[in-house]
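# Overview (structure and organization)
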Amino acid sequence: MTFGDDGSCPNGTEIRATTVAPPSYRVLMSRDHIDVRPIAEPDLQEWIRARSAGFLRAPVVSDEELANTRTYADLSRTLGAFDAGAGGRCVATFRSFAQEITAVGGAAVPADAISNVSVTATHRRRGLLTRMMAQDLAAAKERGDVVATLIAAEYGIYGRYGFGPATHAAYWTIDALRTGLDPRVPVPDDGGRIDLADAAEIRKVGPELHERLRRRQPGVVDRDEHWWKLNTGLVPRNDRPRPEPFYAVYRSASGEVDGLVVYVCDETWTDAKQPAQTATVHDLIAATPAAERALWHYLCSLDWITTVTTGPRAPDALLPHFFPDPRAARITTLADWLWVRILDVVRALEARTYGGTGTLVLEVEDPAGLAGGRFRLTVGADGRGVCEPVDPAGEAAQLVLGVAELGALWLGDVPVSRLVALGRVQERQEGVAFVADALLRSSGRPWCPDMF
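Per-chain numbering applies: the sequence of each chain, read as written, is numbered from 1 onward. Reporting of local features is limited, given that this is a predicted model, to residues whose pLDDT is at least 70; pairs of side-chain atoms are given and counted only at 80 or more, and all residues count toward the totals for whole chains, interfaces and linings. Hydrogens and water molecules were not included; the side-chain quantities draw on all heavy atoms of the structure.

### A short note on the overall build of the chain
Worth spelling out the cut-off: Runs of H or I in DSSP of at least four residues are treated as helices and runs of E of at least two as strands, each being numbered from the N terminus. As defined in this context, the radius of gyration uses C-alpha atoms, and a globule is described by 2.2 Å times the residue total to the power 0.38. Only protein chains enter the accessibility calculation, which uses a 1.4 Å probe; a residue is then buried when its area is under 20% of its type maximum, exposed when over 50%, and partly exposed in between. For the accessible areas, the method is Shrake-Rupley and the probe is 1.4 Å, while residue cover comes only from the protein chains on display. We treat Lys and Arg as the positive residues and Asp and Glu as the negative residues; His and chain ends play no part in the count. Every charge is mapped onto a representative atom, which is NZ of Lys, CZ of Arg, CG of Asp or CD of Glu.
The helix and strand tally for the chain stands at 11 helices and 19 strands. Over its C-alpha atoms the chain spans a radius of gyration of 24 Å, differing by no more than 12% from the 22 Å that the globule rule assigns to 452 residues. In terms of its C-alpha atoms, the chain occupies a principal-axis envelope of roughly 70 × 60 × 40 Å. Residues counted as buried form 55% of the 452 residues belonging to the chain. For the chain, the exposed surface amounts to about 19100 Å²; the carbon and sulfur share of it is 53%. Measuring between centres, the 49 positive side-chain charges of the chain sit 3 Å from its 59 negative side-chain charges.

### Quick look at the environment of Arg341
Inspection of the secondary structure assignment puts Arg341 in strand S14 (residues 338-342). In this structure Arg341 comes out as buried when scored by relative accessible area, which is 1%. Along the primary structure Arg341 and Cys265 are separated by 76 residues, whereas in three dimensions their C-alpha atoms are 37 Å apart.

### Digging into the packing of aromatic side chains
Here is the rule: Planes of paired rings set the category: under 30 degrees apart is stacked, over 60 is edge-to-face and the rest tilted, where pairs are Phe, Tyr or Trp rings (Trp by its six-membered ring) whose centres lie within 6.5 Å.
Scanning the model with the defined rule gives nine aromatic pairs in all. Their ring planes at 70° and their centres at 6.1 Å tell us that Tyr263 and Tyr298 sit as a pair that is edge-to-face. Separated by 35 residues along the polypeptide, Tyr263 in strand S10 (residues 257-265) and Tyr298 in helix H7 (residues 289-300) bring together distant segments of the chain. For Tyr263, a relative accessible area of 3% corresponds to the buried category. The rings of Tyr158, Tyr161 and Phe163 are connected pair by pair, giving a single aromatic cluster.

### Things to note about the sheet that holds strand S11 (residues 277-286)
Defined as follows: When DSSP locates at least two bridges between a pair of strands, those strands are taken to pair. Note on geometry: axes are C-alpha line fits, over the in-contact stretch for helices, and angles between N-to-C directions span 0 to 180 degrees. Contacts are assigned to residue pairs that have any heavy atoms within 4.5 Å of one another.
Strand order in the open sheet formed by seven strands is S8-S9-S10-S11-S12-S7-S13, with mixed pairing between adjacent strands. If you trace the sheet from one side to the other, it starts and ends with strand S8 (193-197) and strand S13 (329-336), each paired once. For this sheet the average axis-to-axis angle between neighbouring strands, irrespective of direction, equals 25°. Where S8 lies against strand S9 (residues 246-251), five bridges are found, and the strand directions are antiparallel. Paired with Ile194 across the bridge in S9 is Tyr250. H7 contacts strand S7 (168-175), S8, S9, S10, S11 and strand S12 (305-313) of the sheet and is inclined by roughly 165° relative to S11.

### Digging into the packing of helix H2 (residues 44-54) against helix H3 (residues 63-72)
Heads up, the condition is: For classification purposes, an angle smaller than 35 degrees is called roughly parallel, one larger than 145 roughly antiparallel, one from 65 to 115 roughly perpendicular, and anything else oblique. Side-chain classes follow a simple rule in which Ala, Val, Leu, Ile, Met, Phe, Trp, Tyr, Cys and Pro form the nonpolar group, Asp, Glu, Lys and Arg form the charged group, and the remainder, Gly included, forms the polar group.
Here H2 crosses H3 at 100°, and the two axes come no closer than 10 Å. The pairing of H2 with H3 is recorded here as roughly perpendicular in orientation. Facing H2, whose interface residues are Leu44, Gln45, Ile48, Arg51 and Ser52, H3 presents Glu65, Leu66, Thr69, Arg70 and Tyr72. For the contact of H2 with H3, the residue count by class is four nonpolar, three polar and three charged.

### Looking at H7
To keep things clear, this is the line we draw: For a helix, the expected span equals 1.5 Å multiplied by the residue count minus one.
Taking 1.5 Å per residue, 12 residues should reach 16 Å; H7 reaches 17 Å between its end C-alpha atoms and fits that length. Residues of H7 that are buried include every one of Ala291, Glu292, Ala294, Leu295, Trp296, His297, Tyr298, Leu299 and Cys300, and no others. Buried residues along H7 sit against S7, S8, S9, S10, S11 and S12.

### Things to note about the pattern of salt bridges
Condition: Each reported salt bridge corresponds to a side-chain nitrogen of Lys or Arg within 4 Å of a carboxyl oxygen of Asp or Glu.
Evaluation of the coordinates by the stated rule reveals 29 salt bridges. Residue Glu41 pairs with Arg70 through a salt bridge whose shortest N-O separation is 2.6 Å. Highlighted residues: Glu41 in the loop between strand S1 (34-38) and H2 and Arg70 in helix H3, separated in sequence by 29 residues. Here Arg70 falls in the partly exposed class, since its relative accessible area comes to 42%. The network of salt bridges with shared partners includes Arg77, Asp112, Arg143 and Asp145.

### Some words on the sheet that holds strand S4 (residues 108-119)
Here seven strands make up an open sheet; going across it, the order is S1-S2-S3-S4-S5-S14-S6 and the pairing mixed. Across the chains shown, the open sheet's two edge strands, defined by having one partner strand only, are S1 and strand S6 (164-165). The sheet strands contacting H2 are strand S2 (78-83), strand S3 (89-102) and S4, and the helix crosses S3 at an angle near 85°.

### What to know about the nonpolar core
The following threshold applies: Note on terminology: a nonpolar core comprises buried Ala, Val, Leu, Ile, Met, Phe, Trp, Tyr and Cys residues joined through side-chain atoms within 4.5 Å.
Formed by 47 residues in total, the largest nonpolar core has its most connected members in Ile101, Ile342, Val345, Leu349 and Trp410. If you tally residues by element for this core, the top one is helix H11 (residues 432-440), at five residues.

### Quick notes on the pairing of S9
Bridging between S9 and S10 involves six bridges; their strand directions are antiparallel. The partner of Tyr247 across the bridge, within S10, is Val262. Count of turn residues in the S9/S10 antiparallel hairpin: five residues, of which Gly255 carries a positive phi of about 95°.

### Regarding the side chain of Thr353
Structurally, the position occupied by Thr353 is in the loop between helix H8 (345-351) and strand S15 (358-365). Once you skip the residues sitting within four places of it in the chain, Thr353 turns out to touch Val104, Gly105, Gly383 and Arg384.

### Overview of unusual backbone geometry
With an omega dihedral of -5°, the bond running from Val187 to Pro188 counts as a cis peptide bond. Non-glycine residue Leu56 carries a positive phi angle of around 60°. Topologically, Leu56 is positioned in the loop between H2 and H3. A relative accessible area of 69% places Leu56 in the exposed class. A positive phi angle, near 65°, is found at Arg125, a position not held by glycine. You can see Arg125 is positioned in the loop between S4 and helix H4 (128-143). Judged by relative accessible area, Arg125 falls into the partly exposed class, the value being 38%.

Below, the structure written as structure tokens:
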């Protein structure tokens, strides 16, 4: 499953199918007359109803939700499966949209972002996801997208379509009373300042701040105007009501906005009438470590707050070491996050930078026929790579891997040697995995702060 753009709820039901539907499935699809196609305007209400059912929400479509969906959904990239035997009812949904993802080294790479995937429980095991995925990826390849991306709610589905987990996310819980912060020291204490803000100010200062972050952080995806409207309350959320959050911005000593945080607080009290409230972070982005440090200190210094939960952060975040007692912050959940599917091996490998010099010859296996082949990657002294297709008869492969494994390796989060040990990458030349590790790993782990 993937997550929808209108909230953090997973897609509910979803097909698990092989890349090529078995003959029995093809017969069933033919018999049932299920048409998979881009939707038209008259289909939108029925498509939203099917998506709501797949997300386990009431399949009732309000005029407001219909109008909101029209503002952001590109109908040419919004697929539905319609069952003629059920009166043309929509029984599966799929949507993609244009995205940019930051590669190692800071380049913005065009991506096909996939969301709103669902298959109604009555129509599982009929190859519907396979058909929608094949149609979308073929269109993305033709458009010139370098990769496809998604957030998977279930691990076992998307590897069969060539996606690999390229980033991981850690959820931290902070015991604010244990941090060791001195209440007598002002927050921040570096000459900057923190100010409460409103949603309108966040919409004004947030986009530029986020651009500064994504220019230096591999794995970050762009945020369009709809994202800022949706996540600051200007566009109503369709999934479920959410309490009005607090907004705060950090300004450096020079007055520049270097960080922002969006958070909500509960109203928990102990039996002894002592405050035991939790601040839950919905978004915290910072362009500098000083700004991030100040914002975490601010959250842990709020009156009555005893616990702070962080939302998805990088597994190697500096977070715990911002406190005198790093043990005050602990990882409560660590999981795969952004999945990547390579569509163009040459452009993907040339878009990023590398940590050394050397040459690798890769055999990339792609049963879907979108990105397979043998390629030579040559990295020069400037850390840039040149990738060229080579004739399999003339040059031996040093590493053999599936396109899903290449997607997992692309942002540098996973060592090649680890995948060799797991049997997911074949080493055809002894010791080459460690050469590949030195080239492909990034200096810090990639991180995607967003769900889509």
